[in-house]
Amino acid sequence: MTKKTQSIEGVAASLGLEAVDTGDAIREVYFSILRSTYRYFNEDELQTIKELQAKNAEELTEAEKEKLNEHNARVNINKKIEAAFKNATGGQEWIEDRAKILSTMLVGPPGHGKTTVFKVAAKKAAEDLGMRFLINPTEDVSIGLNDFVFTSLEFSGENSKMELSGLPMKGMVQGQEAMTHLNNWRLGCLPMAGAGLLLLDDFTNATSNIQNIGLSITDEKRYQGLNLKNVTVGLTGNLGAALDGTNTSNASTALGSRVKTSFIRDNLKDFTIRTQNQYQDELGDLGLLGFLNNNEQLFAQLPDARTKGGFPCPRAWDNFILDVRRLVQEVGGREHAMNALTRIATSAGQLLGQEVKQGVRTYIHAMLTSADPLARKVIFEGDVDLKELQKRYDTGFSAEEQHFAFQYTQSMAQYAVTRIVNEKGDMTKAVTNFVEGISIIDSTSLAAAIDTFANNLAMRVPQYSTANTNGTRSLTLEAKKEIAGIMSKTKKIDAERAEVITQALSNADKYEATHSRNRTRRS
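First, a word on what this report is: a plain description of the structure on this page. Remember, it's a predicted structure, so these values are computed and weren't measured experimentally.

What counts, and where the lines are drawn
- Residues numbered from 1 in each chain as written.
- Predicted model: local features only at pLDDT ≥ 70, side-chain atom pairs only at ≥ 80, totals over all residues.
- Heavy atoms only, no water.
- Buried < 20%, exposed > 50% of the residue type's maximum accessible area, 1.4 Å probe, protein only.
- Helix = DSSP H or I, 4+ residues; strand = E, 2+ residues; numbered from the N terminus.
- Pairing = 2+ DSSP bridges.
- Axes fitted to C-alpha atoms, helices over the stretch in contact; angles between N-to-C directions.
- Parallel < 35°, antiparallel > 145°, perpendicular 65-115°, else oblique.
- Left-handed = near helix turned anticlockwise from the far one by under 90°.
- Contact = heavy atoms within 4.5 Å.
- Nonpolar A, V, L, I, M, F, W, Y, C, P; charged D, E, K, R; others polar.
- Core = buried A, V, L, I, M, F, W, Y, C linked by side-chain atoms within 4.5 Å.
- Expected span 1.5 Å × (residues − 1).
- Salt bridge = Lys/Arg side-chain N within 4 Å of Asp/Glu carboxyl O.
- Phe/Tyr/Trp six-rings, centres within 6.5 Å; stacked < 30°, edge-to-face > 60°.
- Lys NZ or Arg CZ within 6 Å of the ring centre and 35° of its normal.

**Concerning the pairing of strand β10 (residues 231–237)**
- With 7 of 7 residues buried, β10 is to be regarded as a mostly interior element.
- A two-sided burial pattern is seen for β10, the buried positions comprising Val231, Val233, Leu235 and Gly237 on one face and Thr232, Gly234 and Thr236 on the other.
- In this sheet, β10 lies alongside strand β2 (residues 103–107) in parallel orientation, the contact comprising 4 bridges. Looking at β10, one finds that leucine 106 is bridged to threonine 236.
- Pairing analysis gives 5 bridges linking strand β7 (residues 195–201) to β10, with the strands arranged parallel. If you follow leucine 197 over to β10, its bridge partner there is threonine 232.

**Thoughts on the sheet that holds β10**
- Strand order across the open sheet formed by 7 strands is β1-β11-β2-β10-β7-β4-β3, with parallel pairing between neighbours. Both edges of this open sheet fall to β1 (18–21) and β3 (132–135), since each of them pairs with a single strand only. Each strand of the sheet is rotated relative to its neighbour by a mean of 25°, with strand direction disregarded.
- Direction of pairing for β3 relative to strand β4 (residues 147–154): parallel, over a ladder of 4 bridges. Residue pairing in the sheet places isoleucine 135 in a bridge with phenylalanine 150 of β4.

**Considerations on the packing of helix α2 (residues 22–37) against helix α5 (residues 114–128)**
- Across the interface, α2 lies against α5 with an axial gap of 8 Å and an inter-helix angle of 50°. Classified by the angle between their axes, α2 and α5 sit oblique to one another. Relative to α5, the crossing made by α2 is right-handed. Of α5, the residues touching α2 (which contributes Thr22, Ala25, Ile26, Val29, Tyr30 and Ile33) are Val117, Phe118, Val120, Ala121, Ala122, Lys124, Ala125 and Asp128.
- Looking at the contact of α2 with α5 residue by residue, the class counts come to 11 nonpolar, 1 polar and 2 charged.

**Points about the nonpolar core**
- With 45 residues, the main nonpolar core has Tyr408, Val431, Phe434, Ile450, Phe453, Leu457 and Ile483 as its most contacted residues.
- Elements that contribute at least two residues to this core include exactly α16 (354–381), α17 (386–393), α18 (399–422), α19 (428–437), α20 (443–460), α21 (477–488) and α22 (495–515).
- Among the elements that make up this core, the one with the highest residue count is α18 (9 residues).
- If near-sequence neighbours (up to four positions away) are discounted, phenylalanine 434 is found in contact with Ile379, Thr409, Met412, Ala413, Ala416, Ala449, Ile450, Phe453 and Met487.
- With 33 residues, the next largest nonpolar core counts Leu268, Leu283, Leu298 and Met367 among its residues.

**Quick word on helix α4 (residues 62–88)**
- Taking 1.5 Å of rise per residue, 27 residues should cover 39 Å, and α4 covers 39 Å from first to last C-alpha, within 8% of that figure.
- Of all the positions in α4, only Glu64, Leu68, His71, Arg74, Ile77, Asn78, Ile81, Ala84, Phe85 and Ala88 are classed as buried.
- Where α4 is buried, its residues touch α2, α3 (43–54) and α5.
- Looking one or two places after α4, you find glycine 90, whose phi comes out positive at around 75°.

**Side note on the pattern of salt bridges**
- All told, the structure shown has 20 salt bridges when counted by the stated rule.
- Where arginine 98 meets glutamate 96, a salt bridge forms, and the shortest distance between an N and an O atom there is 2.9 Å.
- Accessibility expressed as a relative area gives 53% for arginine 98, which makes it exposed.
- The partner of arginine 258 in a salt bridge is aspartate 219, with the nearest N and O atoms 3.6 Å apart.

**Here we look at the packing of aromatic side chains**
- The tally for this structure, following the rule as stated, stands at 15 aromatic pairs.
- An angle of 10° between the planes, with centres 5.6 Å apart, marks the rings of phenylalanine 404 and tyrosine 408 as stacked. In this pair, phenylalanine 404 and tyrosine 408 both sit in helix α18, 4 residues apart, roughly one turn of the helix.
- Given a relative accessible area of 0%, tyrosine 408 falls into the buried group.
- Over the aromatic face of tyrosine 30 sits the side chain of lysine 124, whose NZ or CZ is 5.3 Å from the ring centroid.
- The ring of tyrosine 415 has arginine 334 sitting right over it, with the charged end atom 4.7 Å from the ring centre.

**Here's the deal with unusual backbone geometry**
- Despite not being glycine, asparagine 136 shows a phi value in the positive range, around 45°.
- Mapping asparagine 136 onto the fold places it in the loop between β3 and β4.
- For asparagine 136, a relative accessible area of 26% puts it in the partly exposed group.
- The phi dihedral of aspartate 202 is positive, around 55°, even though this residue is not glycine.
- Here aspartate 202 is to be found in the loop between β7 and α8 (208–213).
- You can call aspartate 202 buried: its relative accessible area is 14%.

Take a look at the structure:
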């Protein structure tokens, strides 16, 4: 464990909070969404529906038809929730739970995945329920029971009650004229949807009187006449100037006793899964996940309140990968990426800080001038430059040679999958060239390359894979057999490497753990 990681965990401990990884938090919020969305009907509601169903269609009023249609839609949503729950739990049946669903509050340094947790969980729930996913829909968007509405209200330094309460207006209350409020549309549209998540972002930054207004929302799921019982409520908060350089108010003690509060910490494994899900094309992450896996201490750090520039954190890395992809596209794609190197380094300094800038520049320069072009020639032209490979790799023992092997095999894996995509799923040529290109690499690098290839293929070519509950995909047994069959016909693969490939395809994680301390070098 690195010093930077220890400091982040130390902050959680000092605050008396439970530290939770983003992947675990996403899963917990996902289940909260399913439970909040599930509609239980009381006896009176069921009796009313039974009476409406007994009528002839022409006898029903428009209001009765609408009520019956809404009930049927809710029953259908319930069935989808039960199926999603069963899939996510590996076959467990839905458990009836009419108890109150507690709201979730995530705190932590800026850029460490607090808001991302709620967005990812909400989007996955919407996909599993077959709903249209809408983020902060405007007033001109028609909202219905087939929609999942994600509403985010920003409370950083919020002092006005209007963000929650809406504009004051005259209205009639029980026959008497009285002052009421016109509900904020972003709150008002939530009960209209089939499911929804209300995120009170940076809520602890708001003043105490604003926080107290949120108590009925987080605890009772009601506010100014709005019934939010089928809406999941989430909250986020930073740590304050002394810990992460942010301005915050003191969190209400009443609020703290009504929500489940966790200290969120992103980790590289979860970040890698999200990034691979997001970028499933030839550019991918442009090797930056490889840099992070070799420099994990640069993934997530606490900001230094004395500096004004960027710092390494998951959000900064996410933005950096997005910016690098744009810069490479502007110069004509991956083949011409060297032309964007200076701008890439500048972007690294701006988003991640000067400490990271030089390391990223050196890594990308090495990859683009040696490993990447060699890998591209192998996959797309079948040209294995053994002389250049032996020059770069030699015995494979030095740090420089191992870095080259990692970059080369990762690029090979990504290009191989790109060729498979381009050839409409035909794996023969891509896999053959891939295996011939990695034939001189040591066993551990070979296993890592096979693992990367399998993961990329599973994500980008769904016909060869099945979905996992954590958002990843795994190759089917039939796909693994086809790959192994193609590889076995390659003359350059000896018995030892054939065994490595077989084990890597069947269980890459187990192979890596077993053999990482016992590397077999090819002379």
